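# Structural characterization, general
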Amino acid sequence: MTYMKRLRIILLAWGILLLASCVNHPDVPASSRDAKCWPTIFPDYNDVTVPCNIAPLNFMLSADEYEACVARISTPDGMQQTYGDGVKVLIPEEEWHAMLLAAKGRSIKVEVWGKKADEWLAFTPFEIHIAEQPIDEYLSYRLIEPSYIVYDYMEIAQRNLSSFEEKQIFNNKVACDNPKGQCINCHSYQNYKTDNMLFHARATRGGTVIVNDGKISKVDLKRDYTISAGVYPAWHPTAKLIAFSTNETHQVFHTANANKVEVFDTASDLVLYDVATDSVSIISNDSTLLEVFPTWSPDGKYLYYCKSVPLPEEMHDKDIRTTFQKVQYNVYRRAFDVASHAFGDEELLYDAASHDKSATLPRISPDGRYLLFAEGQYGCFHIWHHDADIVCLPLHEEGNPRLNLNRLNSKGFAESYPTWSSNGHWIMCASRRDDGNYSRVYIAYFNKGKVGKAFMLPQEDPEQNITRLKSYNRPEFMIEPVKIGVDEFSRVFF
């Protein structure tokens, strides 16, 4: 960027801030005591790297400890503004984006003062690093109570990541006269776009809702030669083809186990659905093993998936209650010819079981160089497993040494549902690190094999992350919003 162009941008940003200065911004405390530590803020945005187009990182001090909070945010070029609303720091979107623009590729400085017992404490300043790479404009997720609670109302929603706008894609009441509603799940998009997408609706008037070039249909994917209708989906990046697992899934509850819930399959296969011909073909259906979680390589030439390893012979006739902790999955792939729809031989890509681990939910980076997945000691549904972490392996390095994801993963809480942004610079996952009960969206910067500290999805009111009693399930990036409204989707059910 030339000096004059950058100067014009800075002057424009300054103008925005000056216009906003009519808003009441608090004064920095005239006197304060050095706290000699960083502030404990929620969410924790200390030393994170964020996209240059992210929504304001609003945060708060604990209302149980502090009476008030003031923060001063400064850019490297001298832009500066103060914020404080009780114990919360709420930044107007226009001012925040002006600061992001001015600090792109560099960092902003955050100074925080907290008032306790009529005394102001001055905390050690911290930095927020502003990456040059943007994040996809939208993400979607299912909002649902924890799975040990009988669900009532659930929805699939989409969020604009540069603002706080959230809209419904669909909910489980609008097309159902059953008081319990439908179960809606497993939204999926072709190559981050929404003109070709799907989600499932189960129970009353159930089926798979497929959008094909913007046209909606409801399809029954069950065939007389498949275990079930389609379950976990993956759109081919270029062709009108969707890989599914078909599953016989069960859920049970522990009475004396920190993991609370166990979700497992007693049977699962892989199938390919041709959207144009409404035909289902078998990819793999080993009757003795479990195959699940298909995903495509970005070029569409490989299908990746997870497959269980054989149980020890002495366990073959045992009840699942005694064998579930021995069920482990490895990551495989098959070459795929899009012209003939033919799959090649199975190739073991990552042998998790040899490390006494189980790998699930694989995702390949947009440049095809990295494999991302969730890993726990056993099973295929790690969102309730406290030992579950996200793992990233380079695919083209000798021995596939795993990357250091210590700043993405938490200690002692489940991380699952990993995925890549379309430019490959942001990793997103669902994590229960805040309270052990609700999964929330966390995002981390990825650059040349280095992974930054994860940060929570920003909210207009930071307290919403505590008071919204819903889990964010299956977060998925999108480069554009879903254009079809709830009412239009509902008409396909009648």
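Below, the structure is looked at part by part. Computed from a predicted structure; not experimentally measured. (Residues numbered from 1 in each chain as written. Predicted model: local features only at pLDDT ≥ 70, side-chain atom pairs only at ≥ 80, totals over all residues. Heavy atoms only, no water.)

Let us now look at the overall build of the chain. Check the secondary structure of the chain and you find five helices and 34 strands. Taking 494 residues into account, the globule formula puts the C-alpha radius of gyration at 23 Å, and the chain, at 24 Å, falls close to it. Overall size of the chain, expressed as C-alpha extent along the three principal axes, is 75 × 55 × 50 Å. When the 494 residues of the chain are sorted by exposure, 56% land in the buried category. Considering only intrachain contacts with a sequence separation of at least 6, the fraction spanning at least 24 residues in the chain is 58%. Carbon and sulfur atoms provide 50% of the accessible area of the chain, an area that totals close to 21500 Å². Taking the average place of the 50 positive charges on the side chains of the chain and the average place of its 64 negative ones, the gap between the two points comes to 2 Å. (Helix = DSSP H or I, 4+ residues; strand = E, 2+ residues; numbered from the N terminus. Rg over C-alpha atoms; globule rule 2.2 N^0.38 Å. Buried < 20%, exposed > 50% of the residue type's maximum accessible area, 1.4 Å probe, protein only. Contact = heavy atoms within 4.5 Å. Areas by Shrake-Rupley, 256 points an atom, 1.4 Å probe, with all protein chains shown as cover. Lys, Arg positive; Asp, Glu negative; His and termini not counted. Charge placed at Lys NZ, Arg CZ, Asp CG, Glu CD.)

A word on the packing of aromatic side chains. Per the stated rule, a full pass over the model turns up 18 aromatic pairs. Through successive ring pairs, a cluster of aromatic residues spans Phe 170, Phe 199, Phe 489 and Phe 493. The aromatic ring of Trp 384 is capped on one face by Arg 432, whose charged end is 3.6 Å from the ring centroid. Above the ring of Tyr 442, the side-chain terminus of Arg 433 is found at 4.1 Å from the ring centroid. (Phe/Tyr/Trp six-rings, centres within 6.5 Å; stacked < 30°, edge-to-face > 60°. Lys NZ or Arg CZ within 6 Å of the ring centre and 35° of its normal.)

What follows is about the nonpolar core. Core analysis: the largest hydrophobic core is formed by 67 residues, its most contacted members being Val 112, Ile 128 and Leu 408. With sequence-adjacent residues up to four places away left out, Ile 128 is seen in contact with Tyr 45, Val 48, Val 50, Leu 57, Arg 106, Ser 107, Ile 108 and Val 110. With 30 residues, the next largest nonpolar core counts Ala 352, Phe 381, Leu 393 and Tyr 417 among its residues. (Core = buried A, V, L, I, M, F, W, Y, C linked by side-chain atoms within 4.5 Å.)

To continue, consider the sheet that holds strand S19 (residues 261–274). Taken together, the four strands give an open sheet; going across it, the order is S17-S18-S19-S20, and neighbouring strands pair in antiparallel fashion. Strands with a single pairing partner mark the edges of an open sheet, and in this sheet they are strand S17 (233–235) and strand S20 (279–284). The sheet shows a mean angle of 30 degrees between the axes of neighbouring strands, direction not considered. Direction of pairing for strand S18 (residues 241–253) relative to S19: antiparallel, over a ladder of 13 bridges. The partner of Glu 248 across the bridge, within S19, is Ala 267. (Pairing = 2+ DSSP bridges. Axes fitted to C-alpha atoms, helices over the stretch in contact; angles between N-to-C directions.)

Within a regular strand, the side chains alternate between the two sheet faces. Most of strand S4 (residues 68–74) sits inside the fold, with six of its seven residues counted as buried. Looking at chain direction, S4 and strand S7 (residues 107–116) are connected through seven bridges and run antiparallel. Across the sheet, Val 70 pairs through a bridge with Trp 113, a residue of S7. Note: S4 against strand S5 (residues 80–83), four bridges, orientation antiparallel. Bridge pairing links Ala 71 to Tyr 83 in S5. In sequence, S4 turns back onto S5 through a hairpin of five residues, with Gly 78 there showing a positive phi of about 100 degrees.

Turning our attention to the pattern of salt bridges. Tallying each qualifying case throughout the model produces 26 salt bridges. Glu 476 is the salt-bridge partner of Arg 363, the closest N and O atoms lying 2.6 Å from each other. Of this pair, Arg 363 sits in strand S26 (residues 358–364) while Glu 476 is found in strand S34 (residues 471–478), placing the two residues 113 residues apart along the sequence. Since its relative accessible area comes to 9%, Glu 476 is described here as buried. (Salt bridge = Lys/Arg side-chain N within 4 Å of Asp/Glu carboxyl O.)

Strand order in the open sheet made by the three strands is S26-S27-S28, with antiparallel pairing throughout. At either margin of the open sheet sits one strand with a lone partner, and together these are S26 and strand S28 (389–394). Pairs of neighbouring strands in the sheet enclose a mean axial angle of 30 degrees, with direction left out of account. Judged from the six bridges that link them, strand S27 (residues 370–376) and S28 form a sheet pairing that is antiparallel.

This part is about the environment of His 200. The topology assignment puts His 200 in strand S14 (residues 193–202). The buried category is assigned to His 200, whose relative accessible area is 0%. For the pair His 200 and Asp 434, spaced 234 residues apart in the sequence, the C-alpha separation amounts to 29 Å. In this structure, His 200 is in contact with Cys 183, Ile 184, Asn 185, Cys 186, Gly 207, Thr 208, Gly 230, Val 231 and Phe 244, ignoring residues within four places of it in sequence. Within polar-contact distance, the side chain of His 200 engages the backbone oxygen of Val 231 at 2.7 Å. (Polar contact = N/O pair within 3.5 Å; in protein donor to acceptor, adjacent residues only side chain to side chain.)

Note that the residue after Phe 42, namely Pro 43, is joined by a cis bond; omega there is -10 degrees. Counting through the fold element by element, Pro 43 comes out in the loop between strand S1 (33–34) and strand S2 (49–50). Phi is positive for Lys 36, which is not a glycine, with a value near 60 degrees. Note on placement: Lys 36 falls in the loop between S1 and S2. Classification of Lys 36 by relative accessible area gives exposed; the value is 72%. Of note in the backbone geometry, Asp 47 takes a positive phi value of approximately 65 degrees without being a glycine. As for its position among the elements, Asp 47 is in the loop between S1 and S2.

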